[in-house]
Amino acid sequence: MDENFEGKQFTGVIKFTPPLYKQRYQFVKDLVGKYKPKKVADIGCADCTLLWMLKFCSCIEVLAGLDICATVMKEKMHRLSPLPADYLQPAERSLTVTLHHGSVAHKDPCMLGFDLVTCIELIEHLEESELEKFPEVVFGFMAPTMVVISTPNAEFNILLPGVTVFRHPDHKFEWGRAQFQSWALDTAKRYGYSVEFTGVGNPPMGMEDVGFCTQIGVFVKKYPQTSEPVQCEKPTEAAYKTVFKAVYPSLKDEKYLQNAVVSEVMFTAQIIKQSLLDHLLSEREEYNDDPAERKLKVQCSVNCLSEDLETRAVEKSVEPFVNGDVIYIPLRRIFSFPKVNQLCGSFEKLCKLITGKVALSSDGSAVMLNIEHENEEN
């Protein structure tokens, strides 16, 4: 028996595991994981659940949602806002999430340039006049690389108790597989796409002939274009109203990159500093000395080795050295650490980002850290 169908025999009650809506969203998420689109739009986004799932996909840099009902979007759109952790640890990628209020029967330039457009359980809610305009808007005007359309399979309805006409009171129609495939193939041919059919929500054993509960068409744009491309007027005026926009902190934004670099430089400098102090202590003192004597020996160690370490630092330009109560940690040494190197990319970039944010030596070649605290503590 199919894992999605619970029960030893068909009793007229079907429960999908995971729930059918999660299977539809997971189908899209898997597709994103496979093809790595950077810009994704969800038409008929409703409560923004799919958008919320997709915002965690690292390949996506632009997410947009469109729905005719602004109220439903506004109830859940807060989930698309950045969290405090996003500011504490900005991602390397940029991410912008925008929600629009409007009809898929209208064209708006904000929906141009997307790699993937999803229409999950949308078309069955469209009036006849809207459905007629839908292919032109999505395939002709938006013209993304890929389109995913899911819709109920009417043939499965005989297995759903209580369904006499349609599954939802707002549905204007529900197609069987032949009807959906005929519409999809005609649309694909007209606008220069190929289409493959699949679905989610398997029927119970012995009822396989009814097909998936939800049927899905995956459309892929053909290259080059067909010999007779559809000409669509590109409007310049907005038809949708933007109701939400969030720009996530990103290391591609220099202000966030600078904060991350300064934080990493200071963290690295502290590691180097502590390593040097530990080395001095291990060479110059016995651990059973009393605190007062230990403090004196640390200071002596620092002073005695300052001149020698400074000479070595000048020669190698990467060795830290001590002068009085200050440790000098060459930027070249800090830049050699993988995380700093990865963040900055070049030594020149490192110098630019930390100038004025970190205490540097007079020639700007080393980070200066005071060791007075450590002497007192030791």
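Residues numbered from 1 in each chain as written. Predicted model: local features only at pLDDT ≥ 70, side-chain atom pairs only at ≥ 80, totals over all residues. Heavy atoms only, no water.

Rules: UniProt positions are given in the numbering used here, feature names are shortened, and annotations may be inferred rather than shown by experiment.
The protein chain carries the name Small RNA 2'-O-methyltransferase in an unreviewed UniProt entry, which gives Penelope pileata as its organism. Quoted verbatim from the Sequence similarities (unreviewed entry) field of the UniProt record, the comment on the protein chain reads "Belongs to the methyltransferase superfamily. HEN1 family."

Points about unusual backbone geometry
Inclusion rule: Runs of E in the DSSP output that reach at least two residues are strands. Runs of H or I that reach at least four are helices, and both are numbered from the N terminus.
Here the bond from T17 into P18 is cis, since omega is -5°, no more than 30 degrees from zero. Here P18 is to be found in the segment before helix 1 (20-35). For C48, which is not glycine, the phi dihedral falls at a positive 70°. For C48, the location among the structural elements is in the loop between strand 1 (39-43) and helix 2 (49-54). You will see that E121, though not glycine, has its phi angle at about 55°, which is positive. In this fold, E121 is placed in the loop between strand 4 (116-120) and helix 5 (128-142).

Brief notes about the sheet that holds strand 7 (residues 214-221)
Think of a sheet as strands paired side by side through backbone hydrogen bonds, with each pair either parallel or antiparallel. The line we're drawing: In this scheme, strands are said to pair when DSSP sees at least two bridges between them. In this analysis, axes come from line fits to C-alpha atoms, helices being fitted only over the stretch in contact, and the angle between any two N-to-C directions falls in the range 0 to 180 degrees. Note on contacts: a residue pair qualifies if any of its non-hydrogen atoms lie within 4.5 Å across the two residues.
Pairing in this open sheet of 8 strands is mixed, and the strands run 6-7-5-4-1-2-3-8 from one edge to the other. Edge positions in the open sheet fall to strand 6 (193-200) and strand 8 (241-247), since each of these has one partner strand only. Pairs of neighbouring strands in the sheet enclose a mean axial angle of 15°, with direction left out of account. Relative to strand 8, strand 3 (residues 96-101) runs antiparallel, the two sharing 6 bridges. The partner of H100 across the bridge, within strand 8, is T242. Lying on the sheet, helix 6 (residues 177-191) is in contact with strand 5 (146-152), strand 6 and strand 7; it crosses strand 6 at an angle near 155°.

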